[in-house]
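Coordinate analysis (summary)
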Amino acid sequence: MTAFGRRILGDLPRASQLEWLVTNGLGGFAGSTLIGLNTRRYHGVLVAARRPPVERIVLVSRLTETLLIDGAEYPLYTARPGGGAHPLGHLFLERFQATPVPTWTWQIGDVLLIKTLFMIHGQNTTVVTYKVLNGGHEIELRLRPHLLFRDFHGTTYRNAGFVDDTAVTDNAFRLQPFANAPTLYAAWDRGSFVRDGRWETANFLSEEAARGLEAHEDDYSNGYLRLQNLHGSATIVFSDEPIPAFNPVELRKREDQRQEAILEAFPTEDPLVRRLLLAADQFIVERHSTGCRTIIAGYPWFSDWGRDSLISLPGLTLVPGRFDDARSILRTFALAVRDGLVPNCFADQGSNAMYNSVDASLWFFHAVHRFLEYTEDYEFVRTHLLEAMRTIVESFMAGTRYEIGMDPNDGLIRAGNELVQLTWMDAKIDEFVVTPRHGKAVEVNALWYNALRFLAHLLDCYGMPTHDLVALARKVRASFRRRFWNPETGSLHDVIAEDGTPDRSLRPNQIFAVFLPFRILEQDEERSVVDTVYRHLYTSHGLRSLAPFEHAYCPRFGGDRLARDKAYHQGTVWGYLIGPFITAFLKAHNTSMEAQLRASHMIEPFRLHLEQEGCIGSISEVFDANPPHAAAGCFAQAWSVAELLRCYVEDIKGHRPTLGVEN
């Protein structure tokens, strides 16, 4: 149970950098800072996914509470109009607790007010409950919803086109301010709604300012819920669908049972595993366009990305025993294969997917391999996935979009050009490619070798011919070691250009050559790669994307989009890389006692981050390259959570199944 007291909550700069998140299994979510002060355009009480998991709309941005005790008024919220801070309701906060649902406790004299918030799984619906412990006073609570009705990437300003057509009944209201906007529904079990429409202007969003974006926004409130003579509990519900009669106790019970079922699927008393299991659940969502499950890459702004989903799949679904979810996610991407490519990402708007990725298709093989290790469900793979895998290999051999194809001379995969970014290091500013990696990338070809070996294994199991694949895999392995091995540094080149020139930049991509199950290097070479990466790229929060001694190294990640994109893969630490590194580290060092001890210590900084930094209960996307490695990027990232959970359970705790295939 993660909780914070007055020392943190009363410190405005500190408290406004700590965040919470709840999700609904559709891509919708609610989240803000611990003190309820919105610092991002993405913060909200109800961010609805109108076409799950995308088309996300911020309907309710915040709730402001005012408590009246014997007529004396106490604002319980904190706001920053124009950049100043007023009122300072966080000073009354006694406690914030993140689990099992976000819970706030205010104390004023002998009066306690306890607030809980959660979403109904499978619905764009947020439930907020208040409970008063009264010392015998006359109590009134006023709850004012603030509304936006905009795309979650956007910004709202006071405008005449926002029509307040609020229709109020005894215990509900509905509002649709624009003809093309969704309708917001609200319902409550106690109190009366007082119509008092007004704009709150110039709300300062400090995180947007830090990102070099528009940092002020207006929101609209159509009134407030007045709870007079309040004793016991009162609940208000917000949704993008009509709200039937509800029982808040039953709704909360269902959410508690849902979380308990997640934990029961992987029985353990280890608090880190239990917290990561709940964090993992937040990324698994429905995709209505396919009728299958998918994985949100990161909150608050990403949708589902092929590469991220397939790297995340073992940690998010297989380790927790969610095998049906794994089947559904694999089918989502198998059905979406075009010209031998798995989608890089699905669009936020419309139905088109983007296919500008060379490695997403190859990560598909690794995800299926891991799926079979856990389930041995060869029939599912043969029926639903095998054809997509064969199509990928055939397309890569023959050549497909974006100049992706196999070099017949050495069997290696080349991809992209000076203007096209196809690997995970894909930052691009207009026509400026920050990290050019066109040609033959090291991790792409390690993945290619593993894909060939695994597909050969599958075809052999199904009684199909494999000779050509086995021969090609041998050729690829020999070419890989000849072209990528750098004997001067005892490590691997990052990319081989079209003219055969190697990029000797020291990057973490080479760690995948050791991490992946089918060995492409000799054991002494693996150890040399791991030790080089450990020496120059390892940090307490993952691996640097570039070694500090390289001339393009950026020590900090921050600033406007230009500054952030320039630093994204030029030193910035990526949390998810801790998983491949720990696996590779133990593999290269034969899982010795010393290696196990070191690997265990590598987990500890993430335990503290999970409990005390960023989004409480989740793992950030990236961190500064230089100490103290401040968190940045998405505050909750799927593959960061997934790879930490996977490597902790499989590598540190030793619970890893295998297929018994010769590697």
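Just so you know, these numbers come straight off a predicted model, no measurement behind them.

Re the overall build of the protein chain
Check the secondary structure of the protein chain and you find 17 helices and 37 strands. Taking 26 Å as the expected radius of gyration for a compact globule of 663 residues, we find that the protein chain reaches 26 Å, a close match to that expectation. Its C-alpha atoms give the protein chain principal-axis dimensions of about 80 × 50 × 45 Å. Going through the 663 residues of the protein chain one by one, you find that 62% of them count as buried. For the protein chain, the share of sequence-separated contacts (at least 6 apart) that also reach a separation of at least 24 residues comes to 65%. Total accessible area computed for the protein chain in this model is approximately 24100 Å², and 49% of it derives from carbon and sulfur atoms. The average position of the 67 basic charges and that of the 80 acidic charges among the side chains of the protein chain differ by 1 Å.

Some words on the sheet that holds strand E32 (residues 538–539)
Judged by pairing direction, the sheet is antiparallel, and its five strands sit side by side in the order E32-E33-E34-E35-E36 without closing on themselves. A single partner strand is all that each edge strand has here, and the edge strands are E32 and strand E36 (631–632). Relative to strand E33 (residues 542–544), E32 is paired through two bridges, and the arrangement is antiparallel. Across the sheet, the residue bridging to Thr539 is Gly542, located in E33.

Here we look at the environment of Tyr157
Residue placement: Tyr157 occurs in the loop between strand E11 (139–151) and strand E12 (167–168). A C-alpha to C-alpha distance of 51 Å links Tyr157 and Ala584, two positions 427 residues apart in sequence. When sequence neighbours within four positions are dropped, the list of residues in contact with Tyr157 reads Trp199, Glu214, His216 and Asp218.

Concerning the sheet that holds strand E8 (residues 103–108)
Overall, antiparallel pairing links the nine strands, which are arranged E1-E7-E8-E9-E10-E17-E14-E13-E12 in an open sheet. Since the sheet does not close on itself, it has two edges, and those belong to strand E1 (3–4) and E12, each with one partner. The sheet contact formed by E8 and strand E9 (residues 111–119) spans six bridges and is antiparallel. Counted as the bridge partner of Ile108 is Val111 from E9.

Focus: the pattern of salt bridges
With the rule as written, the count across this model stands at 50 salt bridges. Across the salt bridge formed by Lys653 and Asp270, the nearest N and O atoms sit 3.0 Å from each other. Here Lys653 is found in the segment after helix H17 (638–652), whereas its partner Asp270 is found in the loop between helix H4 (248–264) and helix H5 (271–281), with 383 residues between them in sequence. Residue Lys653 is classed as partly exposed on the basis of its relative accessible area, which comes to 34%.

A few points about empty space enclosed by the protein
One pass over the structure, following the stated rule, counts six cavities of 30 Å³ or more. Looking at the lining of the largest cavity, the elements with two or more residues in it are strand E2 (19–23), E9, H4 and H5. By volume, the second largest cavity is sized at about 200 Å³. Along its surface, the second largest cavity is lined by 20 residues, and Ile35, Gly36, Leu63, Glu65 and Lys115 are the ones closest to its centre. Contributions of two or more residues to the lining of the second largest cavity are made by strand E3 (29–33), strand E4 (44–51), strand E5 (54–69), E8 and E9. Looking at which element gives the most residues to the lining of the second largest cavity, the answer is E5, with five residues. Classifying every residue of the lining of the second largest cavity by side-chain character gives nine nonpolar, eight polar and three charged.

Some words on the nonpolar core
Core analysis: the biggest nonpolar cluster contains 154 residues, and Phe364, Trp448 and Phe480 have the highest contact counts within it. Apart from residues no more than four positions distant in its own chain, Phe364 is found in contact with Leu310, Leu330, Phe333, Ala334, Val342, Leu385, Met389 and Ile392. Grouped together as the second largest cluster of nonpolar side chains are 57 residues, Ile8, Ala30, Leu46 and Leu76 included.

Concerning the side chain of Ser61
By the element assignment, Ser61 lies in strand E5. For Ser61, a relative accessible area of 4% translates into the label buried. Residues contacting Ser61, with those up to four places away along its chain left out, are Asn38, His43, Gly44, Val45, His146, Leu147, Leu148 and Asp219.

Quick word on helix H7 (residues 323–335)
Here H7 is 13 residues long and its end C-alpha atoms lie 18 Å apart, about the 18 Å a rise of 1.5 Å per residue gives. The inward-facing, buried residues of H7 abut strand E18 (284–287), strand E19 (292–295), helix H6 (306–318), strand E21 (345–346), helix H8 (360–375) and helix H9 (378–398).

Structural notes on the packing of aromatic side chains
One pass over the full model with this rule turns up 37 aromatic pairs. Ring plane angle 45° and centroid distance 4.9 Å describe the contact between Phe162 and Tyr220, whose orientation is recorded as tilted. Of this pair, Phe162 sits in the loop between E11 and E12 while Tyr220 sits in strand E16 (residues 216–228), and the two are 58 residues apart along the sequence. Its relative accessible area of 7% is what places Tyr220 among the buried residues. Among the aromatic residues, ring-to-ring pairing joins Trp424, Phe557, Tyr568, Trp574, Tyr576 and Trp639 into one connected group. Stacked on the ring of Phe380, the Lys or Arg Arg327 has its end atom at 6.0 Å from the ring centre. The ring of Tyr355 carries Arg401 above its face, with NZ or CZ at 5.0 Å from the centroid.

Some thoughts on the packing of H6 against H7
For the pair H6 and H7, the least separation of the axes is 9 Å and the interaxial angle reads 165°. In terms of orientation, H6 lies roughly antiparallel with respect to H7. Both H6 and H7 take part in a crossing whose hand is left-handed. Taken together, the residues of H7 that come into contact with H6 (itself represented by Gly306, Ser309, Leu310, Leu313, Thr317 and Leu318) are Phe323, Asp325, Ala326, Ile329, Leu330 and Phe333.

Regarding unusual backbone geometry
The amide bond that connects Pro52 to the next residue, Pro53, takes the cis arrangement and shows omega of 5°. Tracing the sequence through the fold places Pro53 in the loop between E4 and E5. The omega torsion across Tyr299 and Pro300 is 15°, close enough to zero to call that bond cis. Within the secondary structure layout, Pro300 lies in the loop between strand E20 (298–299) and H6. Of note, Asn590 is a non-glycine position whose phi angle comes to about 55°, a positive value. Along the chain, Asn590 turns up in the loop between helix H15 (578–588) and helix H16 (593–612). With a relative accessible area of 52%, Asn590 lands in the exposed category.

Focus on helix H13 (residues 523–536)
With 14 residues, H13 should reach 20 Å at 1.5 Å per residue; the first-to-last C-alpha distance of 20 Å fits that figure. Buried within H13 are the following residues: Glu525, Glu526, Val529, Val530, Thr532 and Val533. For H13, the angular spread of buried residues about the axis comes to 160°, placing them on one side. Exposed residues pointing more than 90 degrees away from the buried face of H13 are listed as Asp524 and Arg535.

About the cut-offs
- Residues numbered from 1 in each chain as written.
- Predicted model: local features only at pLDDT ≥ 70, side-chain atom pairs only at ≥ 80, totals over all residues.
- Heavy atoms only, no water.
- Helix = DSSP H or I, 4+ residues; strand = E, 2+ residues; numbered from the N terminus.
- Rg over C-alpha atoms; globule rule 2.2 N^0.38 Å.
- Buried < 20%, exposed > 50% of the residue type's maximum accessible area, 1.4 Å probe, protein only.
- Contact = heavy atoms within 4.5 Å.
- Areas by Shrake-Rupley, 256 points an atom, 1.4 Å probe, with all protein chains shown as cover.
- Lys, Arg positive; Asp, Glu negative; His and termini not counted.
- Charge placed at Lys NZ, Arg CZ, Asp CG, Glu CD.
- Pairing = 2+ DSSP bridges.
- Salt bridge = Lys/Arg side-chain N within 4 Å of Asp/Glu carboxyl O.
- 1 Å grid on protein atoms, 1.4 Å probe; cavity = no way out; pocket = protein on both sides within 12 Å on 5 of 7 lines; lining within 4 Å.
- Points joined across faces, edges and corners; volume = space filled by probe spheres on them.
- Nonpolar A, V, L, I, M, F, W, Y, C, P; charged D, E, K, R; others polar.
- Core = buried A, V, L, I, M, F, W, Y, C linked by side-chain atoms within 4.5 Å.
- Expected span 1.5 Å × (residues − 1).
- Phe/Tyr/Trp six-rings, centres within 6.5 Å; stacked < 30°, edge-to-face > 60°.
- Lys NZ or Arg CZ within 6 Å of the ring centre and 35° of its normal.
- Axes fitted to C-alpha atoms, helices over the stretch in contact; angles between N-to-C directions.
- Parallel < 35°, antiparallel > 145°, perpendicular 65-115°, else oblique.
- Left-handed = near helix turned anticlockwise from the far one by under 90°.
- Arc of directions from axis to C-beta.

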